[in-house]
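Structure at a glance
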Amino acid sequence: HRERATVGGLMATNASGPRRAKYGTLRDLVIGTRVALVDGSITRAGGKVVKNVAGYDLNKLYLGSLGTLGVIVEATFKVLPLPAREAAIVAAFPSLRAATEAGVALARTSLRPAAVEAHDLDRTARLVVAADGDAAAVQRVLSDAARIASEHGATSVEPASDLESALSSSRRLVESADGVVLRASLPLAAQAAFVDEVRRIAGDRAMATIAVHAASGIVRTRLTGDSDALRQASLDVFAMAKTLEGDAWLEHVAEALREAIGDVWFGEPPGFFLMHRIKQEFDPRGTLNPGRFVGGI
Ligand SMILES: Cc1cc2nc3c(=O)[nH]c(=O)nc-3n(C[C@H](O)[C@H](O)[C@H](O)COP(=O)(O)OP(=O)(O)OC[C@H]3O[C@@H](n4cnc5c(N)ncnc54)[C@H](O)[C@@H]3O)c2cc1C
């Protein structure tokens, strides 16, 4: 949500978007932070050059800590030049599984596309591949991507007329205020099977819409339905992600469902006792964002 997200909010959630395929997450780009601690003191980590972290890299601790350790008041980023050219293709597929498999096959090549997104938001399975760089590199990535899509059964491949809207699948998924959005992180090879399993689990008790960041293993599923069905379907999808050696949690829960759905993190992660101790050290009275993080931290 470029128009309304803040730098602090993005860092606190370690949010990433479709271009994660090539540029990584904020963890890869933040080199310095200034954080206000709960006692009012200001602390610094890292700095303005890339290799200047001595000791533990506290930048990495703050990123994704959801504001539970302190308030990020300043950040320094690695910056990259804007690409000379950026373009995308959109391929239609008979199933989301086929679109995902094509995306994973592409992610395994040395082509380094900027984004590889499979989704079924408009009731048609689609794969969007974006490339950036000089014109020849863009042309090469997109023509190879079109060939890989065709080899995986694409029924059509077309240039995207509007790049940003072609890459907005995850944003569109979380835009609507109803239901829940479950985010799973999976091994690349497990994504296609996961997509089918989510459909099976949703069955006719919940409606599932899915967006796959095929190059990074992140699969977002919007589930809509009544609260009991959503709670059970979410738990089953979480268990499936674990079976496939991944993980999952609820990134968004509609206001009206929050009480019925309960814990969005599905329990305590491995190493939770250490996280608890870190929280105790930074914020012993539990003042910062109380109860919002894993295990009720
Ligand atoms: C765990 C989690 C992961 C997410 N991952 C993604 C993702 O990968 N991609 C994506 O597009 N969206 C993601 N989202 C949605 C995410 O909320 C937004 O992309 C992003 O946070 C929007 O920024 P905002 O300024 O609106 O944040 P807000 O909604 O205002 O805040 C988000 C969280 O960050 C904390 N926070 C805000 N500012 C600061 C600060 N300066 N210092 C410390 N903490 C602060 C808040 O307390 C709150 O807990 C995620 C959401 C959650 C809860």
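About the cut-offs
- Residues numbered from 1 in each chain as written.
- Predicted model: local features only at pLDDT ≥ 70, side-chain atom pairs only at ≥ 80, totals over all residues.
- Heavy atoms only, no water.
- 1 Å grid on protein atoms, 1.4 Å probe; cavity = no way out; pocket = protein on both sides within 12 Å on 5 of 7 lines; lining within 4 Å.
- Points joined across faces, edges and corners; volume = space filled by probe spheres on them.
- Helix = DSSP H or I, 4+ residues; strand = E, 2+ residues; numbered from the N terminus.
- Nonpolar A, V, L, I, M, F, W, Y, C, P; charged D, E, K, R; others polar.
- Domains from an automatic or database assignment.
- Buried area = accessible area lost by both parts, 1.4 Å probe.
- Salt bridge = Lys/Arg side-chain N within 4 Å of Asp/Glu carboxyl O.
- Buried < 20%, exposed > 50% of the residue type's maximum accessible area, 1.4 Å probe, protein only.
- Pairing = 2+ DSSP bridges.
- Axes fitted to C-alpha atoms, helices over the stretch in contact; angles between N-to-C directions.
- Parallel < 35°, antiparallel > 145°, perpendicular 65-115°, else oblique.
- Left-handed = near helix turned anticlockwise from the far one by under 90°.
- Contact = heavy atoms within 4.5 Å.
- Near = heavy atom within 4 Å.
- Polar contact = N/O pair within 3.5 Å; in protein donor to acceptor, adjacent residues only side chain to side chain.
- Expected span 1.5 Å × (residues − 1).

This model, assessed by the stated rule, comprises 1 cavity of 30 Å³ or more. Quantified by volume, the largest cavity comes out at close to 30 Å³. Along the walls of the largest cavity sit Gly17, Pro18, Arg20, Ala21, Val116, Glu117, His213, Ala214, Ala215 and Ser216, which together make up its complete lining. Counting only elements with at least two residues in the lining of the largest cavity, the list comes to helix H2 (20–23) and strand S5 (115–119). Counted by class, the lining of the largest cavity contains 5 nonpolar, 3 polar and 2 charged residues. Each of domain 1 (7–77) and domain 3 (172–261) gives at least three residues to the lining of the largest cavity.

On domain assignment, one finds that the protein holds domain 1 (7–77), domain 2 (85–166) and domain 3 (172–261). Taken over C-alpha atoms, the centre of domain 2 sits 23 Å from the centre of domain 3. For the domain 2 face of the interface with domain 3, the top three residues by lost area are Arg97, Thr100 and Leu121, together amounting to 34%. Note that Arg172 and Asp122 form a salt bridge whose closest N and O atoms lie 2.5 Å from each other.

Right, let's get into the pairing of strand S9 (residues 207–213). In terms of burial, S9 is largely enclosed, as 6 of its 7 residues are buried. Bridge count for S9 against strand S10 (residues 218–224) is 7 bridges, and the pairing is antiparallel. Counterpart to Thr209 in the pairing with S10 is Arg222. Between S9 and the antiparallel strand that follows it, S10, lie 4 residues; Gly217 among them carries a positive phi value of about 80 degrees.

A few words on the layout of surface pockets. Here the second largest pocket defines a volume of roughly 250 Å³. In this structure, the second largest pocket is lined by 15 residues; those nearest its centre are Val253, Arg258, Gly262, Val264 and Arg292. For the lining of the second largest pocket, the elements supplying multiple residues, two or more each, are strand S11 (247–253) and helix H11 (258–261). Per-element accounting of the lining of the second largest pocket gives the leading share, 4 residues, to S11. Here the residues of the lining of the second largest pocket sort into 6 nonpolar, 5 polar and 4 charged.

Viewed as axis vectors pointing N to C, helix H5 (residues 96–107) and helix H9 (residues 191–202) meet at an angle of 160 degrees, and their least axial separation amounts to 8 Å. Taken together, H5 and H9 sit at an angle that is classed as roughly antiparallel. When the axes of H5 and H9 are compared, the crossing they make is right-handed. On the side of H5, the interface is formed by Leu96, Arg97, Thr100, Glu101 and Val104, while H9 contributes Gln191, Ala192, Ala193, Val195 and Asp196. For the contact of H5 with H9, the class distribution of residues is 5 nonpolar, 2 polar and 3 charged.

To continue, consider the site of the ligand. Around the ligand sit 21 residues, and of these Thr6, Ser16, Ile72, Arg183 and Asn289 come closest. At 3.3 Å, a side-chain N or O of Thr13 approaches an oxygen atom of the ligand. Within the side chain of Asn289, one N or O atom sits 2.9 Å away from an oxygen atom of the ligand. Put simply, the parts of the chain that give the shell around the ligand at least two residues each are helix H1 (7–13), strand S3 (71–77) and S11. Top element by residues in the shell around the ligand is H1. It accounts for 5 residues.

This paragraph deals with H9. With 12 residues, H9 should reach 16 Å at 1.5 Å per residue; the first-to-last C-alpha distance of 16 Å fits that figure. Along H9, the positions that sit buried rather than exposed are Gln191, Ala192, Phe194, Val195, Val198, Ile201 and Ala202. The elements touched by buried residues of H9 are H5, strand S8 (180–185), S9, S10 and helix H10 (227–243). Remark: Gly203 follows H9 within two positions and exhibits a positive phi of approximately 45 degrees.

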